[in-house]
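Now for the letters of each chain:
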Amino acid sequence: MFQDSPIYDRLVAEHGDVPAVVRREAERVSRELEVVMRPLLSSGHRPPSPGNGWQRTALLPGPRPN
C-alpha cells in the first residue's frame, strides 16, 4: 500500500502498523458478531435493515435553534 514511503515506514517503526492492527480487530469482531447472530438468523429473525431504526441526525455548527 505505502511502498517506498519513508514517512510511513518511520511511523510504523515508532507506533506499530496501526492499520493492520485495526484490520485484524475488525475481522475478529466481525467473526464474533457472525457467531452471535447465527442463532437469530436461523430462527427466522431478521436484523433491521439500515435506515429502519433510530438514526442520529448531525447538527451543523453554530447557534442552536430554540
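Numbering of residues starts from 1 in every chain and runs along the sequence as written. The predicted nature of this model means local features are confined to residues of pLDDT at least 70 and side-chain atom pairs, given and counted, to a pLDDT of 80 or more, with totals for whole chains, interfaces and linings taken over all residues. As a rule here, side-chain values come from all non-hydrogen atoms in the structure, and water together with hydrogens is ignored.

## Points about the overall build of the protein
Put simply, DSSP H or I for four residues or longer makes a helix, DSSP E for two residues or longer makes a strand, and each gets a number counted from the N terminus. Check the secondary structure of the protein and you find two helices and zero strands. Every one of the 66 residues in the protein was classed for burial, and the buried ones make up 3%. With an accessible surface of roughly 6700 Å², the protein has 60% of that area assigned to carbon and sulfur atoms. Each residue's exposure class comes from its accessible area (1.4 Å probe, protein chains only) as a fraction of the maximum for that residue type: buried when under 20%, exposed when over 50%, partly exposed otherwise. To measure how exposed things are, a 1.4 Å probe is used in the Shrake-Rupley method; for residues, cover is taken only from the protein chains shown.

## Topic: the pattern of salt bridges
Think of a salt bridge as a Lys or Arg side-chain nitrogen and an Asp or Glu carboxyl oxygen that are within 4 Å of each other. Considering all chains together, one arrives at four salt bridges under this definition. Across the salt bridge formed by Arg 28 and Glu 32, the nearest N and O atoms sit 2.4 Å from each other. Of this pair, Arg 28 and Glu 32 are both found in helix 2 (residues 18-42), four residues apart, which corresponds to roughly one turn of the helix. A residue is classified by how much of its surface remains accessible, and Arg 28, at 31% relative accessible area, is partly exposed. Judged by relative accessible area, which is 44%, Glu 32 ranks as partly exposed. Overlapping salt bridges bring together Glu 25, Arg 28 and Glu 32 as one network.

## So, helix 1 (residues 6-15)
A small share of helix 1 lies buried, amounting to zero of its 10 residues. Where helix 1 terminates, the next one or two residues include Gly 16, which has phi positive at roughly 85°.

## Side note on helix 2
Given the number of residues in a helix, its expected span is that number minus one, multiplied by 1.5 Å. The end-to-end C-alpha separation of helix 2 is 36 Å, in line with the 36 Å expected for 25 residues at 1.5 Å each. Positioned one or two residues after helix 2, Gly 44 has a phi angle of 100°, which is positive.

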